[in-house]
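Summary of the model geometry
Residue strings, one per chain:
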Amino acid sequence: DTFAFKVIDDKGAESNTATVSVNVTENNQTNQPPQVFDQTTDESNSTDYRYAVWSAGEEEDRYILFSRSNDGVNSFSSPLSLSGKSRSAVFNPEVSSSGNNVYVVWQGQAENGNQDVFLRKSANYGSSFSEVENISNDPGGSGNPELTINGNITHVAWEGTTPGNNYIFYSK
């Protein structure tokens, strides 16, 4: 499968169509189009990085995939699984970047079986990522994360069900 999409910047200007290639090796695997897209520029060499994340697989049997472009969306890297080597119930990825830092959050199944919010960080324009971090640790379950960066501060908000009701939680 491949995803093709046009990138429109904040001034409404369109770039060339970008394509991300994804190998589907199992029957009945469904890939969702990239749900989130972000960009940053390395000022030292004017490299324009673009990032895409999406969820791929079947309902309870999915990966969170990440791909980046460093040539103005003419091509993208092979997808990297940020949610690990084992498939699980993972959804709702978000990506945001500032300078060389790239952050990805998603909703996924925790060790206790509940849904929680997970984070991975890259400090090198998405070349590699830190280990998976559970940032919600909610015994009742969490989901629908939102992510933004303001300067050097990363802001994450999500819905959680502990202490028994639905609440909005925030971390930075």
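Residues numbered from 1 in each chain as written. Predicted model: local features only at pLDDT ≥ 70, side-chain atom pairs only at ≥ 80, totals over all residues. Heavy atoms only, no water.

Some details on the overall build of the protein
Quick reminder of the rule: The numbering of helices and of strands both runs from the N terminus, where a helix is a DSSP run of H or I of at least 4 residues and a strand a run of E of at least 2. For the exposure calls, accessible area comes from a 1.4 Å probe over protein chains only, and a residue counts as buried if that area is under 20% of its type's maximum, exposed if over 50%, partly exposed in between. By definition, residues are in contact when any of their heavy atoms lie within 4.5 Å. Areas reported as accessible are Shrake-Rupley estimates using a 1.4 Å probe. Residue values count occlusion only from the protein chains shown.
Scanning the protein from terminus to terminus reveals 0 helices and 13 strands. The proportion of buried residues among the 172 residues of the protein is 45%. Across the protein, every contact between residues at least 6 apart in sequence was considered, and the portion connecting residues at least 24 apart equals 39%. Carbon and sulfur atoms form 42% of the exposed surface of the protein, whose accessible area is close to 9200 Å².

Focus on the side chain of Asp138
Worth spelling out the cut-off: Neither His nor the chain ends is counted toward charge; the positive residues are Lys and Arg and the negative residues Asp and Glu. Whenever Lys or Arg places a side-chain nitrogen within 4 Å of a carboxyl oxygen from Asp or Glu, that contact is recorded as a salt bridge. N or O atoms closer than or at 3.5 Å make up a polar contact, with two conditions inside protein: a donor-capable atom paired with an acceptor-capable one, and, for residues adjacent in sequence, both atoms drawn from side chains.
Locating Asp138 in the fold gives a position in the loop between strand S10 (133-134) and strand S11 (142-150). Despite its burial, Asp138 pairs with no opposite charge, the nearest such side chain being Arg62 at 21 Å. Of the polar contacts made by the side chain of Asp138, one reaches the backbone nitrogen of Gly140; its length is 2.9 Å. Setting aside anything within four residues of it in sequence, one finds Asp138 in contact with Asn112, Asn114, Asp116, Gly160, Thr161 and Thr162.

Comments concerning the pairing of strand S4 (residues 47-58)
The criterion, for reference: In this description, strands pair whenever DSSP reports at least two bridges between them.
With 11 of 12 residues buried, S4 is to be regarded as a mostly interior element. Relative to strand S5 (residues 61-69), S4 runs antiparallel, the two being bridged by 9 bridges. Paired with Val53 across the strands is Phe66, a residue of S5.

Structural notes on unusual backbone geometry
One non-glycine residue, Asn92, adopts positive backbone phi at about 55°. As for its placement among the helices and strands, Asn92 is situated in strand S7 (residues 90-98). For Asn92, a relative accessible area of 30% translates into the label partly exposed. For Asn137, which is not glycine, the phi dihedral falls at a positive 40°. Mapping Asn137 onto the fold places it in the loop between S10 and S11.

Comments concerning the pattern of salt bridges
Tallying each qualifying case throughout the model produces 1 salt bridge. Here Asp48 ties to Arg50 by a salt bridge, and the two come within 3.1 Å at their closest N and O atoms. Using a relative accessible area of 9% as the deciding quantity, one classes Arg50 as buried.

Structural notes on the sheet that holds strand S12 (residues 153-160)
Operational definition: Note on definitions: angles span 0 to 180 degrees between N-to-C directions of axes, and those axes are lines fitted to C-alpha atoms, for helices only across the stretch in contact.
Ordered in space as S11-S12-S13, the 3 strands form an open sheet in which the pairing is antiparallel. Sheet topology places S11 and strand S13 (167-171) at the edges, where each strand pairs with a single neighbour. Along the sheet, successive strands turn relative to each other by an average axial angle of 20°, direction set aside. In this sheet, S12 lies alongside S11 in antiparallel orientation, the contact comprising 7 bridges. Note that in S12 the partner of Glu146 across the bridge is Ala157.

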